[in-house]
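Per-entry structural report
The chain contents come next:
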Amino acid sequence: MSYTYIRREQTLEELGACVISQAAAFADDCARHGPIPRGLMRRSFSYMLERLERGDVLDERDDACIAMIGKDLVSAANARCAGYGNKVLEMDTEEDVLIDSELEHLRRRILAWSQFQFLRNRLRARVKAQLLIGASS
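Below is a summary of the structure that appears in this document.

Below, the discussion takes up the overall build of the protein. Secondary structure summary: the protein contains 5 helices and 0 strands in total. Its C-alpha atoms give the protein principal-axis dimensions of roughly 55 × 55 × 20 Å. When the 137 residues of the protein are sorted by exposure, 33% land in the buried category. Of the contacts made within the protein by residues no fewer than 6 positions apart, 64% connect residues no fewer than 24 positions apart.

Laid out in structure tokens, this is it:
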């Protein structure tokens, strides 16, 4: 028996809706649990949360702050268990049995942040590609 797999590309609208909902969840999670960025980014943190909550997901002013939050989550996981935060980003940790509930919470947050980052960048690339193609037509 032979199976045929047809991959359906996600529409720009579907991708946008997905990123908007993930951005709202990310903003809510950051507002509740932190981490709050240090230094100058601390001031822009609340503005970033507001933009993400209202669906303004591609604002470049938020790039560094979002990256810093991910770095801080990975560092927090690494502090609880040496190297584990990096492991979460590098391989499948779904079947890891963690006795430390805080480490499990950090694992889930790192995965959510990583997925949000990936889809946000994908949306940004698709929007730019559409503008490029539309401009050359």
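Below, the discussion takes up unusual backbone geometry. Along the chain, glycine 34 connects to proline 35 via a cis peptide bond; the corresponding omega equals 0°. By secondary structure assignment, the location of proline 35 is in the loop between α1 (12-33) and α2 (41-53).

Before going further, it helps to spend a moment on the pattern of salt bridges. All told, the structure shown has 14 salt bridges when counted by the stated rule. A salt bridge links arginine 126 to glutamate 9; the shortest N-O distance between them is 3.4 Å. With arginine 126 in helix α5 (residues 101-136) and glutamate 9 in the segment before α1, this pair connects stretches of sequence that are 117 residues apart. The salt bridge involving arginine 124 is made with aspartate 63; its shortest N-O contact spans 3.1 Å. Taken as a pair, arginine 124 in helix α5 and aspartate 63 in helix α3 (residues 63-80) lie far apart in primary sequence, 61 residues in all. Owing to a relative accessible area of 26%, aspartate 63 belongs among the partly exposed residues under this scheme. Here the residues in one salt-bridge network are Arg51, Asp59, Arg61 and Asp62, joined through shared partners.

Put simply, the largest pocket is a space of about 200 Å³. In this structure, the largest pocket is lined by Gln22, Ala25, Phe26, Asp29, Leu73, His105, Arg108, Arg109, Ala112, Trp113, Gln115 and Phe116. The element best represented in the lining of the largest pocket is α5, accounting for 7 residues. Of the residues belonging to the lining of the largest pocket, the class tally is 6 nonpolar, 3 polar and 3 charged.

The rules behind the values
Residues numbered from 1 in each chain as written. Predicted model: local features only at pLDDT ≥ 70, side-chain atom pairs only at ≥ 80, totals over all residues. Heavy atoms only, no water. Helix = DSSP H or I, 4+ residues; strand = E, 2+ residues; numbered from the N terminus. Buried < 20%, exposed > 50% of the residue type's maximum accessible area, 1.4 Å probe, protein only. Contact = heavy atoms within 4.5 Å. Salt bridge = Lys/Arg side-chain N within 4 Å of Asp/Glu carboxyl O. 1 Å grid on protein atoms, 1.4 Å probe; cavity = no way out; pocket = protein on both sides within 12 Å on 5 of 7 lines; lining within 4 Å. Points joined across faces, edges and corners; volume = space filled by probe spheres on them. Nonpolar A, V, L, I, M, F, W, Y, C, P; charged D, E, K, R; others polar.

In short, geometric facts, not functional conclusions.
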